[in-house]
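# Structural description and commentary
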Amino acid sequence: MSAATDTLDTVTPVAESSSKPIMTHKQIMLVIYGLMSGMFLSSLAQTVFGTAIRTIGDDLHGLEQQAWVTTAFLITSTISVPLYGKLSDIFGRRPLFILGIVIFILGSVASAFSTSMLMLAGFRAFQGIGAGALMALPLAIMGDILAPRERAKFQGYFFAVFGIATVVGPLVGGLFAGADEILWIDGWRWTFLINIPLGLFALFMVITFLHLPKVGKHKGPRIDWWGAAAVVVALVPLLLVAEQGREWGWTSAAAIACYATGLVGLVAFIVIEALMKEDAIIPLKLFRSGAFSMATIIGVLVGFAMFGAMMTIPLYMQIVLGLNPTESGLSMLPMIVGLIIASLASGQITAKTGRYRIFPVTGSLFTAIGFFTLTMIRYETPLWEIYLGMFVLGLGLGQLMQPLTLASQNAVEPHEMGVASSAATFFRQIGGTLGTAIMISVLFGMLPANILHATEDKATLTSALGTALDPAEASKAENARIMKQLWTPITGPIQTTIQSQLDKGLAEGDAKAKAAAAEAVTAKVTEGVNQAVAAGRLPQAAAPTVIAQKVAEATPAAEAAAHEQVLKAVAEKAHASVQGDTVAVDWADKAQRSYWVDQLVPTLQEQMKKKDSAAAGSSSSSISDTSFLTGANPKLSKPFMVGFIDSIVVLYWVALGVILLAFVLTWFFKVPPLRARSALQEQADKAGVTETGSIRTHKA
């Protein structure tokens, strides 16, 4: 089944084999069943995990580190894709597909028992090595056994499986993430453990049904390990700086070192691939085809926009709309319905007409319209508008995936089907990996500042601060966590400062009032005593003693009366209440609270404007665990929500720009005509079939 290298002689074509199909319809269907089981495993694993990522991040206290978990998987799966494609051309698809499933299962088990986000990222990286086979080989096998027009019909089955997994996955992931424990194990850990029975079933299906005609063995094949190593050196530093650039600084020494290392890896990769020629994991001669090159470029752009921006939709559904993980999974249904409808329709049209040139154009246009709709999201946007954008987005993506792969496969020789299919997947994954790393990094880099900017809004701050200062709201159990996380650090100092000011004002007023009262008492007593002396009722010598005695007797009452007047005056002026022997703001009183909120808001706004960068840098802890938003009063959570929405809208604008570039390129995309026969059939017709039924190989 593998392709030939230059180690075997050309065999004269056998005429009899040219008209005899190498596989019956039943054999083809059994192979497809095996492929669909592997695809279901891969698709379900990713959708289950995607829905649970917020719960996982909250439980492991590292939601802002989710890019590590996501990109670790994407890095290893992306790097392994071309290697699987090339090795499958040499050693056959089946053993490598089985190996990929086994690695995927082992990685799932390890991931299930992670105790930190970084540990989970490491195990997900191992899992991604297996996932590379599940991504690369089904397309190559489909290209082997099915003619392109026939393949377009069968893609409906695969997208049905993908659609089912995409719908079922979030539901299952939501149920797991929403459960505290299942069989004494944290619920979210079952998002990985579920892969064990599914993986074993997929393994059984592949071992049982995935049997392909064999191709003559190679003599001393060369494996491009150096090329694979160069891919690692080129990609990993770039992904690392994409993830950490906001903390390091995009022009820091560490970032520049990553840029330089990535560039060295890229140059080394090109040189190695040129030297390896036919044995390269991605032969450079593939890019001599304009169709293959253009399909690759468009695929990178589509992957960047799709993977990067689409990561934010489940987060939006859970964080902003307050949906639980299960509901978040269901909310993805409009996009999946659009994707399935478009893929089935485009597949049927391609199968009947043999034409597919229009679909990259219309697909990128619909995708752009979908992203543009999502850029209109605001805090008050109704859910149906978001669903509409998702549906249109699905219609676009459903038209893009298969035509780009078909173009790549039809642009190469039949014996290069594996490397061409894997290269198409590889570059799309590169776009997706970079898109995910960059956009998630940008999202969490912008989020603190955007939350601060949203809080600066007068109406938002007035409403939120008034609610946070209301004891009835602040004491509610559902608001306890958001108060502790966001508002108590603000309201606590405010209340302390105001009380200190009131105490100081009262003390100053008391001092002045007491002095005035003592002076008034002394004057009044002195006047009375002097009158008594003048009338002869009191000897002059006794006057000082009598004055001192009467002043001492009258002063406490006078001071007490003055104190009461000061309490009332200070309370009235400060819009506060007299509480015992002091003055304090009664925060439960709406009128008093509103007065102070109006006084405080302008000051807080000025402080926030002056401390933008400091606040952004110090608020990273507020996004490492977003569970404090669950059930909180919307007025308290609105600044966070608005800041989050502003951040993801920026990502949708970026995705829109990338897709519009892809749309422009599709007008210059000349797709190759579809072949009439499958890759294996072409090889059999050209090289002949041996007495045992194996396809002979030919010199490249």
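Just so we're clear, the structure is a prediction, and the values are computed from it rather than from any experiment. (Residues numbered from 1 in each chain as written. Predicted model: local features only at pLDDT ≥ 70, side-chain atom pairs only at ≥ 80, totals over all residues. Heavy atoms only, no water.)

In terms of regular secondary structure, the chain is built from 24 helices and four strands. Out of the 700 residues in the chain, the part that is buried amounts to 55%. Look at the contacts in the chain between residues 6 or more apart in sequence, and 82% of them connect residues 24 or more apart. When the accessible surface of the chain is totalled, it reaches about 29,300 Å², and 66% of it is carbon and sulfur. (Helix = DSSP H or I, 4+ residues; strand = E, 2+ residues; numbered from the N terminus. Buried < 20%, exposed > 50% of the residue type's maximum accessible area, 1.4 Å probe, protein only. Contact = heavy atoms within 4.5 Å. Areas by Shrake-Rupley, 256 points an atom, 1.4 Å probe, with all protein chains shown as cover.)

Close approach of charged atoms allows side chains with opposite charge to pair. Under the definition given, this model contains three salt bridges. Aspartate 470 is paired through a salt bridge with arginine 593; the nearest N and O atoms lie 3.9 Å apart. Remark: arginine 593 occurs in helix α21 (residues 590–610) and aspartate 470 occurs in the loop between α17 (458–468) and α18 (471–474); sequence separation between them is 123 residues. Across the pair, exposure class does not vary: aspartate 470 and arginine 593 are buried alike. Note that lysine 476 is salt-bridged to glutamate 473, the shortest N-O span being 3.1 Å. Overall, the relative accessible area of 33% leaves lysine 476 in the partly exposed class. Assessed through its relative accessible area of 16%, glutamate 473 is described here as buried. (Salt bridge = Lys/Arg side-chain N within 4 Å of Asp/Glu carboxyl O.)

Here we come to a nonpolar patch on the surface. Taken together, the side chains of Leu263, Leu266, Val267, Ile270, Val271, Leu275, Leu284 and Phe287 make up a nonpolar region of the molecular surface, amounting to roughly 700 Å² of accessible area. Its location among the elements puts isoleucine 270 in helix α9 (residues 253–276). On the basis of relative accessibility, which here comes to 43%, the residue isoleucine 270 falls in the partly exposed class. (Patch = residues over 30% accessible without salt bridge, like charges linked within 9 Å, V, L, I, M, F, W, Y side chains within 5 Å.)

All right, on to the environment of valine 48 then. Inspection of the secondary structure puts valine 48 in helix α1 (residues 25–59). For the pair valine 48 and alanine 177, spaced 129 residues apart in sequence, the C-alpha separation works out to 9.3 Å. In this structure, valine 48 is in contact with Gly169, Val172, Gly173 and Thr191, ignoring residues within four places of it in sequence.

The subject of this paragraph is the environment of proline 414. Mapping proline 414 onto the fold places it in the loop between α15 (383–410) and α16 (417–456). A relative accessible area of 10% means that proline 414 is categorised as buried. Spatially, the C-alpha atoms of proline 414 and aspartate 144 are 7.9 Å apart, while their sequence positions differ by 270 residues.

In this structure, serine 111 sits in helix α3 (residues 93–112). What makes serine 111 buried here is its relative accessible area of 0%. Within the structure, the side chain of serine 111 is placed 2.8 Å from the backbone oxygen of glycine 107, a separation counted as a polar contact. With sequence-adjacent residues up to four places away left out, serine 111 is seen in contact with Leu120, Phe123, Arg124, Gln127 and Phe192. (Polar contact = N/O pair within 3.5 Å; in protein donor to acceptor, adjacent residues only side chain to side chain.)

An ideal rise of 1.5 Å per residue puts 30 Å on 21 residues; helix α13 (residues 333–353) measures up with 30 Å between its terminal C-alpha atoms. Listing the buried residues of α13 in full gives Pro334, Met335, Ile336, Gly338, Leu339, Ala342, Ser343, Ser346, Gly347, Thr350 and Ala351. Glycine 354 sits one or two positions beyond α13 and adopts a positive phi of about 75°. (Expected span 1.5 Å × (residues − 1).)

Let us look at the packing of aromatic side chains. Within the structure shown, the criterion is met by seven aromatic pairs. Ring geometry for phenylalanine 287 against phenylalanine 427: centres 5.8 Å apart, planes inclined by 85°, an arrangement best described as edge-to-face. Of the two residues, phenylalanine 287 is situated in the loop between α9 and α10 (290–310) and phenylalanine 427 in helix α16; the sequence distance between them amounts to 140 residues. Accessibility expressed as a relative area gives 15% for phenylalanine 427, which makes it buried. Note on tyrosine 595 and tryptophan 596: the rings are 5.5 Å apart at their centroids and 85° apart in plane angle, and the pair reads as edge-to-face. A residue is classified by how much of its surface remains accessible, and tryptophan 596, at 12% relative accessible area, is buried. Stacked on the ring of phenylalanine 73, the Lys or Arg arginine 124 has its end atom at 4.2 Å from the ring centre. (Phe/Tyr/Trp six-rings, centres within 6.5 Å; stacked < 30°, edge-to-face > 60°. Lys NZ or Arg CZ within 6 Å of the ring centre and 35° of its normal.)

What follows deals with the nonpolar core. Among the nonpolar cores identified, the biggest contains 89 residues, and Tyr316, Phe371 and Phe644 are the most heavily contacted of them. It is helix α23 (residues 634–666) that provides the largest number of residues to this core, a total of 14 residues. If near-sequence neighbours (up to four positions away) are discounted, phenylalanine 644 is found in contact with Leu315, Tyr316, Ile319, Val320, Leu443 and Leu447. Core analysis: the next-biggest nonpolar cluster, separate from the first, contains 62 residues, Ile32, Ala45, Phe73 and Leu146 among them. (Core = buried A, V, L, I, M, F, W, Y, C linked by side-chain atoms within 4.5 Å.)

What follows covers the packing of α17 against α23. Direction vectors running N to C along α17 and α23 enclose 140°, while the axes themselves pass 8 Å from each other. Classified by the angle their axes make, α17 and α23 are oblique. The two elements α17 and α23 meet at a crossing, and its hand is left-handed. For the pair α17 and α23, the contacting residues are Thr460, Ser463, Ala464, Thr467 and Ala468 in the first and Lys635, Leu636, Lys638 and Pro639 in the second. The residue makeup of the contact of α17 with α23, split by class, is four nonpolar, three polar and two charged. (Axes fitted to C-alpha atoms, helices over the stretch in contact; angles between N-to-C directions. Parallel < 35°, antiparallel > 145°, perpendicular 65-115°, else oblique. Left-handed = near helix turned anticlockwise from the far one by under 90°. Nonpolar A, V, L, I, M, F, W, Y, C, P; charged D, E, K, R; others polar.)

Bringing the packing of α17 against helix α19 (residues 480–534) into the picture now. Running from N to C, α17 and α19 point in directions that differ by 85°, and their axes come no closer than 10 Å. In terms of orientation, α17 and α19 fall into the roughly perpendicular class. Contacts from Leu461, Ala464, Leu465 and Ala468 of α17 reach α19 at Met483, Trp487, Thr491 and Ile494. The residue makeup of the contact of α17 with α19, split by class, is seven nonpolar, one polar and no charged.

For the chain, per-residue confidence averages 79 on the pLDDT scale, and residues scoring 70 or more make up 85% of the total. When pLDDT is averaged over each element of the chain, helix α14 (residues 358–374) comes out on top at 94 and helix α22 (residues 612–618) at the bottom at 45. Throughout residues 1–19 the model reports pLDDT below 50, and contacts reaching past four residues in sequence, or to other chains, amount to 67 contacts. Under a pLDDT of 50 for its full length, residues 613–622 has, in the predicted model, nine contacts with residues more than four places off or in other chains. (pLDDT = per-residue confidence, 0-100.)

Compared with the 24 Å implied by 1.5 Å per residue over 17 residues, the 25 Å span of α14 between its first and last C-alpha is a close match. Turning to α14, its buried residues number three or more, namely Phe359, Pro360, Val361, Gly363, Ser364, Thr367, Ala368, Gly370, Phe371 and Leu374.

A separate point is the environment of glutamate 478. Along the chain, glutamate 478 turns up in the loop between α18 and α19. A C-alpha to C-alpha distance of 7.8 Å links glutamate 478 and asparagine 633, two positions 155 residues apart in sequence. The contacts of glutamate 478, once residues within four sequence positions are left out, are Thr630, Gly631 and Ala632.

By the secondary structure assignment, aspartate 510 is in helix α19. Although aspartate 510 lies buried, it forms no salt bridge, and the closest oppositely charged side chain, lysine 514, sits 5.0 Å away as judged by the N-O distance. Not counting chain neighbours up to four residues away, the residues in contact with aspartate 510 comprise His563 and Val566. (Lys, Arg positive; Asp, Glu negative; His and termini not counted.)

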